[in-house]
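Summary of structural features
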Amino acid sequence: MSRVIVTGAAQLGPIARSEPRERVVVRMISLMEKAAARGCDLVVYPELALTTFFPRWYMEDQAEIDAFFERSMPNVEVAPLFARARELGIGFSFGYAELIVEEGVAHHYNTAIVVDKAGEIVHRYRKIHLPGHTSHEPWRAFQHLEKRYFEPGMEPFSVAEAFGGKIGQAICNDRRWPETYRELALRDAEMVLIGYNTPVHYPQAPEHDHLQCFHNHLSLQAGAYQNGMWVVGVAKAGKEEGCDLIGQSCIVAPTGEIVAMAGTLGDELVVHDCDLDRCTEIRANIFSFKQHRRPEIYTALTAPHDKED
Ligand code: CDV
């Protein structure tokens, strides 16, 4: 049986603060229709795909903040995406700001889901590594307030059986951490879907601004190769509300090679036939965890980190 997932990385260009979800969903459906025409089984959209990247603004009014969050999924605005996907028989994943109320307490997460070809949500992931800061820092050209607006996900990385394979998810900053990929690989992930919003300008170390695209691919490619997995990295790109976001959405093979990459900073689809059996090229050989890994020696990896940076 073929274990090929024809995968589309559906990069989104900038989303204005004033752009309603309905219009973004129309853009997503347009990319989905292109993906279906190219035979895709799965189309992957970025982190926080339904709105502008709102953590760039400092806000105090909780109602203003909550307006960027989804209280249910699918909801009225997103339902047309689910409906069109069912008609086309295509699966998809995307990120959004999730607001849930449990025992009377509101929780806010930076979340991504995978939806199968039948329209069922088969996987949900809440971002574990939240970058940025919690209070207003006016010295920055723009804010990055993920630590203010979201709680970190407390559920471990996990995989779903979907599309004939084992699919995992991570979100943006997670992709820079080797633990993300290794946790997923140890849980048998064969493909990891990662949406991102990455500004070109890094206020704490602007001397690294010219390295943003390099660090993006470095992380995605290393994660794929060192764990023998497909990695699909998908950007929200372009100049969004005056802030430049990197593009270079890509599909990375388990060998670490980029096999498809976006060439614009706008809405763009790139497609590749991802054969999950290719994971074995790496996993049964150079990175056979069973044969070569030495977890008994790696005691510092899970010890609490109490040293100063
Ligand atoms: N959305 C993100 O997580 N962005 C971070 C930026 C702030 C560095 C990233 O790791 O790309």
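The present account deals with the structure reproduced in this document. Here the structure is a predicted model, which means the values were calculated and not measured.

A few words on unusual backbone geometry. For the bond from methionine 73 to proline 74, the omega torsion is 0 degrees, close enough to zero to count as cis. Secondary-structure assignment places proline 74 in the loop between α2 (62-66) and α3 (79-88). Located in the positive-phi region is aspartate 188, a residue other than glycine, with phi close to 75 degrees. Tracing the chain through its elements places aspartate 188 in the loop between α5 (178-186) and β8 (191-196). What makes aspartate 188 partly exposed here is its relative accessible area of 43%. We note that glutamine 248 has phi near 55 degrees; this positive angle belongs to a residue other than glycine. Position of glutamine 248 among the secondary structure elements: in the loop between β11 (243-245) and β12 (250-252).

Near the ligand you find Glu47, Phe53, Lys127, Pro131, His144, Glu146, Cys172, Asn173, Arg175, Arg176, Asn197 and Thr198, and these make up its full shell. One of the side-chain nitrogen or oxygen atoms of arginine 176 is found 2.6 Å away from an oxygen atom of the ligand. Within the backbone of asparagine 197, an N or O atom sits 3.2 Å from a nitrogen atom of the ligand. For the ligand, whose accessible area on its own is 320 Å², the fraction buried by protein is 93%. Placement of the ligand is best described as lying within the second largest pocket. The residue makeup of the shell around the ligand, split by class, is three nonpolar, four polar and five charged.

Counting across every chain of the model gives one cavity of 30 Å³ or more. Empty space within the largest cavity amounts to approximately 60 Å³. Elements with a contribution of two residues or more to the lining of the largest cavity: β3 (91-102), β7 (165-171) and β8. For the lining of the largest cavity, the residue count by class is nine nonpolar, four polar and one charged.

How each quantity is defined
Residues numbered from 1 in each chain as written. Predicted model: local features only at pLDDT ≥ 70, side-chain atom pairs only at ≥ 80, totals over all residues. Heavy atoms only, no water. Helix = DSSP H or I, 4+ residues; strand = E, 2+ residues; numbered from the N terminus. Buried < 20%, exposed > 50% of the residue type's maximum accessible area, 1.4 Å probe, protein only. Near = heavy atom within 4 Å. Polar contact = N/O pair within 3.5 Å; in protein donor to acceptor, adjacent residues only side chain to side chain. Areas by Shrake-Rupley, 256 points an atom, 1.4 Å probe, with all protein chains shown as cover. 1 Å grid on protein atoms, 1.4 Å probe; cavity = no way out; pocket = protein on both sides within 12 Å on 5 of 7 lines; lining within 4 Å. Sits in = over half its atoms within 2 Å of the grid points. Nonpolar A, V, L, I, M, F, W, Y, C, P; charged D, E, K, R; others polar. Points joined across faces, edges and corners; volume = space filled by probe spheres on them.

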